[in-house]
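Understanding the architecture of this molecule
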Amino acid sequence: TTSFIMTKRGSLCRYIVASVFLLVGLAILLLALFLLPVLRDSILDKKLRSDAVLKEGSDAFNEWKSPSAAVQYVLTAYNVTNSEDVVKNKAKPNVSEVGPYYYRKHKQKTNITFNQDGTVVKYKSHDVYVFDRDSTPAHLDPDKDVITTLNIPFMVSTLVTGALLSPLL
């Protein structure tokens, strides 16, 4: 009977120890499930706030000042093939499509100044276009190609002023 009591007592002790470990494990798991998102969000928020502030010399500032990613810009022009006839005889223009010419557009900011408390930044923005020889068809060369186009704003203003002045003439 003593061995039966010891076995019963040993099983009870193991049961109690296993229950305590289980409860402590569940408590740690629940604590981690609730605290981990809060801590993660807090750490992420702190990191984002420090990286998002434009401070001279920081990586964010340098990327903002002169972005490393260029935007591809595609130019297609319409060449007037009978320009002399259009000017001299007021003929209807014949146009042919020329292109596409590919450029990489880089944005740059210069004359950057911050106000005293660093909450306002002023700058001048410049767009720099670099001809992309590799993407443009080989037969096209913007330095050699001659393209004649219509000056639409001039034509419209001429038509408008002509329409306005014709009753007076």
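Conventions and cut-offs
- Residues numbered from 1 in each chain as written.
- Predicted model: local features only at pLDDT ≥ 70, side-chain atom pairs only at ≥ 80, totals over all residues.
- Heavy atoms only, no water.
- Pairing = 2+ DSSP bridges.
- Helix = DSSP H or I, 4+ residues; strand = E, 2+ residues; numbered from the N terminus.
- Axes fitted to C-alpha atoms, helices over the stretch in contact; angles between N-to-C directions.
- Buried < 20%, exposed > 50% of the residue type's maximum accessible area, 1.4 Å probe, protein only.
- Salt bridge = Lys/Arg side-chain N within 4 Å of Asp/Glu carboxyl O.

1. Some points on the sheet that holds strand β3 (residues 121-131)
On the basis of which strands lie adjacent, the open sheet formed by three strands has the order β1-β2-β3 and antiparallel pairing. Looking at strand neighbours, the two that pair on one side only are β1 (71-80) and β3, the edges of this open sheet. Neighbour-to-neighbour, the strand axes of the sheet open up by a mean angle of 35°, direction not taken into account. As paired strands, strand β2 (residues 95-114) and β3 are joined by ten bridges and run antiparallel to one another. From the neighbouring strand, T113 faces β3, where its bridge partner is K122.

2. Let's talk about unusual backbone geometry
Omega for the peptide link from G99 to P100 comes to 10°, which places this bond in the cis form. By the element assignment, P100 lies in strand β2. One non-glycine residue, K90, lies in positive phi territory at about 55°. Tracing the backbone shows K90 in the loop between α3 (83-89) and β2. On the basis of relative accessible area, K90 is assigned to the exposed category, the value being 75%.

3. Here's the deal with the pattern of salt bridges
If you walk through the whole model with that rule in mind, you get five salt bridges. With its nearest N and O atoms 3.7 Å apart, the salt bridge here joins D132 to R104. Of this pair, D132 sits in the loop between β3 and α4 (152-165) while R104 sits in strand β2; the two residues are 28 residues apart in sequence, bridging distant segments of the chain. Its relative accessible area of 10% is what places D132 among the buried residues. For R104, a relative accessible area of 32% corresponds to the partly exposed category. Between K105 and D127 there is a salt bridge whose closest N-O contact spans 3.7 Å. Of this pair, K105 sits in strand β2 while D127 sits in strand β3, placing them 22 residues apart in sequence.

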